[in-house]
Amino acid sequence: MVAVLKPGATKEQIENLTAWLEGRGLKVHISKGEFHTIIGLIGDTSKIDTELLGSLEMIESVKRISEPFKSSNRKFHPDDTIIEVGSLKIGGPHFQIIAGPCSVESPQQILAVAQSVLASGASILRGGAFKPRTSPYDFQGLHADGIGLLVDVKKQTGMPIITEIMNANHLPMFENVDIIQVGARNMQNFELLKALGQTSKPILLKRGLANTLQELLMSAEYIMAGGNHNVILCERGIRTFETYTRNTLDLSAVPMLRELSHLPVVVDPSHASGIARMVKPMAMAAAAAGAHGLMIEVHNDPVNALCDGAQSLTPEQFTDVAERVRKIREVIK
Ligand code: PEP
Ligand code: MN
């Protein structure tokens with residue numbers, strides 16, 4: 001349920017109303033927009049008398065919300081959420097390109113890739129240190145050493161860093177990480193999501209391989225219910241009957257998520273297609289569809305990459321993609 005307050009509602013009135021609602025066992029989420037303040041009621045609202053609530057002097061209107069996601073719901077929070085990552089912003093009018101290798105492999109590799117993608121327009125560096133591989137015999141990442149190398153490169157280049165977490169017990173290792181990624185395979189690892197809800201770090205939440213948009217939003221809800229509202233949604237392709245591409249990029253997820261939710265939406269065309277030459281058209285299409293950002297895998301030597309070489313762009317290819325995306329963004333402005 002949401003209650004839209006009249007423009008003149010005072011701080012004291014809002015505090016009194018909050019206390020009254022909390023006294024009825026509800027959690028209250030207050031969103032202050034440019035003109036209106038909206039109060040979202042989370043919990044069992046069945047006992048709230050909407051007519052009574054609507055009759056209060058400070059209330060303009062009251063609406064029951066049928067979707068099970070509340071905190072991530074645009075009806076609670078009409079304005080786009082803008083998330084701060086160091087000095088950068090993502091969401092609303094702010095667009096960022098996250099680029100880097102699938103995995104951090106060596107100090108030379110991660111520094112070389114970071115410097116080249118930074119020069120071509122990427123603003124955030126990615127690199128996996130804990131890799132969720134289908135086979136236990138494949139390279140699993142450099143773990144804490146990998147995060148250490150990312151932090152070193154952050155110091156050298158000034159780029160904020162993003163890397164994937166697979167286990168809540170590893171959280172202390174992520175202290176200097178700017179955005180924590182939850183991979184597709186962990187989208188419904190609810191204990192992990194709850195632990196991330198206790199932090200204040202931006203979380204990039206990837207859509208699971210076979211999950212609906214509502215399930216993605218419910219997972220965002222797990223993080224937000226703990227108090228962390230810094231969630232970035234990521235469409236990274238879903239599994240379909242198509243076999244020419246690694247996954248199928250569900251581009252309609254972008255406008256649909258933007259309609260349903262106020263959270264920023266990023267697209268990962270690399271994991272979605274699995275093929276380097278597909279990344280450029282899909283990145284351009286994602287930008288045209290209204291994504292707030294892209295996550296693209298780039299490697300200085302894709303043929304010898306320890307993970308996901310087939311979908312990794314060379315730095316030169318990335319320069320071209322970033323330029324095309326910049327042009328698309330100009331056109332759709
Ligand atoms: C990744 O970004 O390296 C990754 C493993 O992605 P996903 O979880 O989307 O497969
Ligand atoms: Mn990868």
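Residues numbered from 1 in each chain as written. Chains lettered and ligands numbered in written order. Predicted model: local features only at pLDDT ≥ 70, side-chain atom pairs only at ≥ 80, totals over all residues. Heavy atoms only, no water.

Things to note about the environment of V279
Logical step 1: Inspection of the secondary structure assignment puts V279 in helix 9 (residues 276-289).
Logical step 2: Look past the residues within four positions of V279 in its chain and what remains in contact with it is P269, S270, S273, I296, Q311 and L313. (Helix = DSSP H or I, 4+ residues; strand = E, 2+ residues; numbered from the N terminus. Contact = heavy atoms within 4.5 Å.)

Overview of the side chain of H77
Logical step 1: Within the secondary structure layout, H77 lies in the loop between strand 4 (59-63) and strand 5 (83-85).
Logical step 2: A polar atom in the side chain of H77 sits 2.7 Å from the backbone oxygen of D79.
Logical step 3: Each residue touching H77, except ones within four places of it in the same chain, is listed here: H29, S31 and H262. (Polar contact = N/O pair within 3.5 Å; in protein donor to acceptor, adjacent residues only side chain to side chain.)

Re the pairing of strand 14 (residues 293-297)
Logical step 1: With respect to burial, strand 14 is a largely interior element, five of its five residues being buried.
Logical step 2: Residues of strand 14 alternate between two faces, with G293, M295 and E297 on one and L294 and I296 on the opposite face, all of them buried.
Logical step 3: Sheet topology note: the strand 7 (residues 96-100)/strand 14 ladder contains five bridges and is parallel. Counted as the bridge partner of G100 is E297 from strand 14.
Logical step 4: For strand 13 (residues 265-267) and strand 14, the ladder comprises two bridges, and the chain directions are parallel. Residue pairing across strands places V267 opposite L294, the latter belonging to strand 14. (Buried < 20%, exposed > 50% of the residue type's maximum accessible area, 1.4 Å probe, protein only. Pairing = 2+ DSSP bridges.)

Things to note about the site of ligand 1
Logical step 1: Taken together, 13 residues lie near ligand 1, and R126, K131, A184, K206 and R236 sit nearest.
Logical step 2: Between ligand 1 and H271, the relevant distance is 3.4 Å, taken from an oxygen atom to a side-chain nitrogen or oxygen of the residue.
Logical step 3: Calculation on ligand 1 without its partners gives an accessible area of 300 Å², and the protein chains cover 97% of this total. (Near = heavy atom within 4 Å. Areas by Shrake-Rupley, 256 points an atom, 1.4 Å probe, with all protein chains shown as cover.)

Things to note about the coordination of the manganese ion (ligand 2)
Logical step 1: At this site the manganese ion (ligand 2) is bound by C102 (SG), H271 (NE2), E297 (OE) and D308 (OD), with donor distances of 2.0 to 2.4 Å.
Logical step 2: Spacing between the donor residues of the manganese ion (ligand 2) along the chain follows C-x168-H-x25-E-x10-D. In this pair, C102 sits in the loop between strand 7 and helix 3 (107-119) while D308 sits in the loop between strand 14 and helix 10 (315-332), placing the two residues 206 residues apart along the sequence. One exposure class covers both C102 and D308, and it is buried. (Donors = N, O, S within 2.8 Å, 3.2 Å for Na, K, Ca; no water.)

As for the pairing of strand 11 (residues 203-206)
Each regular strand shows side chains that alternate between the opposite faces of the sheet.
Logical step 1: Burial along strand 11 is two-sided: the residues I203 and L205 and L204 and K206 are all buried.
Logical step 2: As judged from the three bridges shared by strand 10 (residues 179-182) and strand 11, these two strands associate in the parallel manner. Across the sheet, the residue bridging to I180 is I203, located in strand 11.
Logical step 3: Traced from strand 10 through helix 5 (residues 190-197) to strand 11, the parallel crossover comes out right-handed.
Logical step 4: In the sheet, strand 11 pairs with strand 12 (residues 231-235) via four bridges, with the strands oriented parallel. Counted as the bridge partner of L204 is I232 from strand 12. (Right-handed = clockwise from strand over helix to strand, strands pointing away.)

Function-wise, these values are silent; they only describe arrangement.
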